[in-house]
Amino acid sequence: SHQTACRHLLSLRDLTLDEARALIARAIELKRMQTAGQAFRPLVGKTLAMIFEKSSTRTRVSFEVGMAQLGGHALFLSPRDTQLGRGEPIEDSARVISRMVDAVMIRTFEQQTVERFAAHSRVPVINGLTDRYHPCQVLADLQTFYEHRGEIQGKRVAWVGDGNNMCQTFMEAALLFEFELCVACPEGFEPDAELIAACGDRCRILRDPREAVQGAHLIATDVWASMGQEEDLDRRRAAFAPYQVTDALMDLADPSAIFMHCLPAHRGEEVTDSIIDGPRSVVWDEAENRLHLQKALLEFLIPH
Ligand code: CP
Ligand code: NVA
């Protein structure tokens, strides 16, 4: 069966640098318009289906509110009360859902699931987080960096902690936006080996967080146990104890360094209250920018 060619956002590799920069610029403009109370409703009559196989606060609220502000509608689907949870094949679900809606956002475990869905979808598919990537979050983070510090090209970014989906998306961002990334993680918690190889000189993997933050303009971290890894928390707490982002650690970075965390945070584990609530933290701007960046993304992906 033939499908209309359409764009997806399954990882940052789906965007050119020009497109990614245009999305950030557009998000900043849509933020200005929303703040000014200026209505902009290009997606009247359009529907976004949102499939959540994991919990969410920010992603659900931002996509749902974003569609409403653009004049469209968003539909929340959970495996608990759809046939997805009873084993209907992902390919069949893609064929059915994509005949009724204008775009689909999926939060799930395997990256392959979003790829299989996209391969059988007539409409754009957006990765709302998998075990491998979280592209919507990192685009919002890059918008946030731009607003606070300007161009990220040539800057130094330190990732402190788990080599997880957020870390791996920062690695793809380092390739696309041409910044230097240092990842500090304990042995056994490195990002994907093929991705490390693909990044070449753009990304260094270190053990010592103090070395990683040297000269960094951005320090980012995330929880020590991601969704689906909760039963491994004791082992992780022990391994990650030296990787807490503290004032002492951030004092080793560039004086202009800002702190990011995609949230939700486990205060007292990967970050102290003093850092997350302190003057170098931009975490609430990151969360707000999920709304604006995703509105730009929906406007870009959904034909109207
Ligand atoms: N940062 C993020 O994606 O948050 P949620 O899990 O609340 O969507
Ligand atoms: N790494 C975290 C990010 C949550 C937004 C997780 O996957 O649970």
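The model shown is predicted, which means the values in this text are computed figures rather than measured ones. (Residues numbered from 1 in each chain as written. Chains lettered and ligands numbered in written order. Predicted model: local features only at pLDDT ≥ 70, side-chain atom pairs only at ≥ 80, totals over all residues. Heavy atoms only, no water.)

Undergrad: So what's going on with the pattern of salt bridges? Residues and values would help.
TA: In total, this model carries 23 salt bridges according to the counting rule given. Where Glu151 meets Arg21, a salt bridge forms, and the shortest distance between an N and an O atom there is 3.0 Å. Note that Glu151 is positioned in the loop between helix H5 (135–149) and strand E5 (156–160) and Arg21 in helix H1 (residues 17–35), a separation of 130 residues in sequence. Take Glu151: its relative accessible area is 38%, and that puts it in the partly exposed class. Overall, Arg21 belongs to the partly exposed group, its relative accessible area being 33%. In this structure, the salt-bridge partner of Asp131 is Lys54, at a minimum N-O distance of 2.6 Å. Taken together, the residues Asp131 in the loop between strand E4 (125–127) and H5 and Lys54 in the loop between strand E1 (47–52) and helix H2 (58–69) connect sequence positions 77 residues apart. Judged by relative accessible area, which is 41%, Asp131 ranks as partly exposed. Ionic contacts of the salt-bridge type, sharing partners, join the residues Asp162, Asp232, Arg235 and Arg236 into one network. (Salt bridge = Lys/Arg side-chain N within 4 Å of Asp/Glu carboxyl O. Helix = DSSP H or I, 4+ residues; strand = E, 2+ residues; numbered from the N terminus. Buried < 20%, exposed > 50% of the residue type's maximum accessible area, 1.4 Å probe, protein only.)

Undergrad: I'd like a rundown of the sheet that holds E1, residues and numbers included.
TA: Spatial strand order, E2-E1-E3-E4: four strands in an open sheet with parallel pairing. Of all strands in the sheet, those bounded by a partner on one side alone are strand E2 (73–77) and E4. When the angles between neighbouring strand axes are averaged without regard to direction, this sheet yields 20°. In the sheet, E1 pairs with strand E3 (residues 103–107) via five bridges, with the strands oriented parallel. Bridge pairing in E3 links Ile51 to Ile106. (Pairing = 2+ DSSP bridges. Axes fitted to C-alpha atoms, helices over the stretch in contact; angles between N-to-C directions.)

Undergrad: I'd love a proper account of the packing of H5 against helix H12 (residues 283–301), names of residues and values included.
TA: The contact between H5 and H12 brings their axes to 8 Å, and the two run at 110°. Classed by the angle they form, the pair H5 and H12 counts as roughly perpendicular. You can see that H5 and H12 cross each other, and the crossing is right-handed. For the pair H5 and H12, contact is made by Cys136, Gln137, Leu139, Ala140, Asp141, Gln143, Thr144, Glu147 and His148 and by Asp285, Glu286, Asn289, Arg290, His292, Leu293, Gln294 and Leu297, respectively. Split into classes, the residues belonging to the contact of H5 with H12 amount to five nonpolar, seven polar and five charged. (Parallel < 35°, antiparallel > 145°, perpendicular 65-115°, else oblique. Left-handed = near helix turned anticlockwise from the far one by under 90°. Contact = heavy atoms within 4.5 Å. Nonpolar A, V, L, I, M, F, W, Y, C, P; charged D, E, K, R; others polar.)

Undergrad: An account of the site of ligand 1 is needed here, citing residue identities and associated values.
TA: Every residue near ligand 1 is listed here: Ser56, Thr57, Arg58, Thr59, Arg107, His134, Gln137, Cys262, Leu263 and Arg290. Backbone polar atom of Thr57 to an oxygen atom of ligand 1: 2.7 Å apart, as the coordinates give it. Between ligand 1 and Gln137 there is a distance of 3.0 Å, counted from a nitrogen atom to a side-chain nitrogen or oxygen. In isolation ligand 1 exposes 250 Å². Once the protein is present, 95% of that is buried. (Near = heavy atom within 4 Å. Polar contact = N/O pair within 3.5 Å; in protein donor to acceptor, adjacent residues only side chain to side chain. Areas by Shrake-Rupley, 256 points an atom, 1.4 Å probe, with all protein chains shown as cover.)

Undergrad: Explain the packing of aromatic side chains residue by residue, including any values.
TA: Counted according to the given criterion, the structure contains five aromatic pairs. The interplanar angle of 40° and the centroid separation of 5.8 Å between the aromatic rings of Trp159 and Phe170 together place this pair among those described as tilted. In this pair, Trp159 is assigned in strand E5 and Phe170 in helix H6 (residues 165–177), connecting sequence segments 11 residues apart. Take Trp159 and Phe170: they sit in the same class, and that class is buried. Through pairs of rings, three or more aromatic residues link up here, namely Phe189, Trp224, Phe240 and Tyr243. Stacked on the ring of Phe109, the Lys or Arg Lys54 has its end atom at 4.6 Å from the ring centre. Its end group placed over the ring of Phe76, Arg60 keeps NZ or CZ at 3.7 Å from the ring centre. (Phe/Tyr/Trp six-rings, centres within 6.5 Å; stacked < 30°, edge-to-face > 60°. Lys NZ or Arg CZ within 6 Å of the ring centre and 35° of its normal.)

Undergrad: I'd like to hear about the UniProt feature "binding site: L-ornithine" (unreviewed entry) in the protein chain, residue by residue, with values.
TA: According to UniProt, the positions carrying the feature "binding site: L-ornithine" (unreviewed entry) are Asn165, Asp222, Ser226 and Met227. For the annotated residues, spread through 63 residues, the largest C-alpha to C-alpha distance comes to 11.6 Å, consistent with a single compact locus. Set against the largest pocket, the annotated residues that line it come down to Asn165, Asp222, Ser226 and Met227. With respect to the element layout, Asn165 can be found in helix H6. Those residues within four positions of Asn165 in sequence are excluded, and the remaining contacts are Leu129, Thr130, Asp131, Arg132, Tyr133, His134, Asp222 and Ser226. Looking at Asn165, its side chain comes within polar contact range of the main-chain oxygen of Thr130, at 3.0 Å. Residue position: Asp222 is located in the loop between strand E8 (218–221) and helix H9 (233–240). Residue class for Asp222 comes out buried when judged on its relative accessible area of 5%. Not counting chain neighbours up to four residues away, the residues in contact with Asp222 comprise Trp159, Val160, Asn164, Asn165, Met166, His261, Cys262 and Glu270. There is a polar contact of 2.9 Å between the side chain of Asp222 and the side chain of Asn164. (UniProt positions renumbered as here; feature names shortened; annotations may be inferred. 1 Å grid on protein atoms, 1.4 Å probe; cavity = no way out; pocket = protein on both sides within 12 Å on 5 of 7 lines; lining within 4 Å.)

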